[in-house]
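What follows is each chain in one-letter form.
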Amino acid sequence: MRCSIIRKLLSTYCNDEVTSTQKRLAEEHIADCADCRAMVEGYEKVSNQLVSLRIMPMKPNIKKAVMSQIRS
């Protein structure tokens, strides 16, 4: 399958929002295509970073801390 077709699915593939047929096709293609595999790894990296943001505790005085950093 061509990369241009698979690349349209990669984001939804990474979010597990594809049909079983689409998943199988994507996985077969990714196994053979280093460029598309790298795109999947990039999506997964961004996803992991976004998840880590959700678990970061907010500073109680975030505005004060940011304004202090800006001033200095």
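See the structure shown above.
As the structure is a computational prediction, the values presented were derived from the model and not from experiment.

(A) Focus on the nonpolar core. Residues Ile6, Leu9, Leu10, Tyr13, Val18, Ala26, Ile30, Cys33, Cys36 and Val40 constitute the largest nonpolar core, which totals 10 residues. When residues of this core are traced back to their parent elements, those giving at least two are α1 (3–14), α2 (20–32) and α3 (34–54). Tallying contributions element by element places α1 first for this core, with four residues. Excluding residues that lie within four positions of it along the chain, cysteine 36 makes contacts with Cys3, Arg7, Leu10 and His29.

(B) Fine view of unusual backbone geometry. Even without a glycine there, the phi angle at aspartate 16 is positive, about 55°. Within the secondary structure layout, aspartate 16 lies in the loop between α1 and α2. With relative accessibility at 57%, the residue aspartate 16 sits in the exposed group.

Each value, and the rule that gives it
Residues numbered from 1 in each chain as written. Predicted model: local features only at pLDDT ≥ 70, side-chain atom pairs only at ≥ 80, totals over all residues. Heavy atoms only, no water. Core = buried A, V, L, I, M, F, W, Y, C linked by side-chain atoms within 4.5 Å. Buried < 20%, exposed > 50% of the residue type's maximum accessible area, 1.4 Å probe, protein only. Helix = DSSP H or I, 4+ residues; strand = E, 2+ residues; numbered from the N terminus. Contact = heavy atoms within 4.5 Å.

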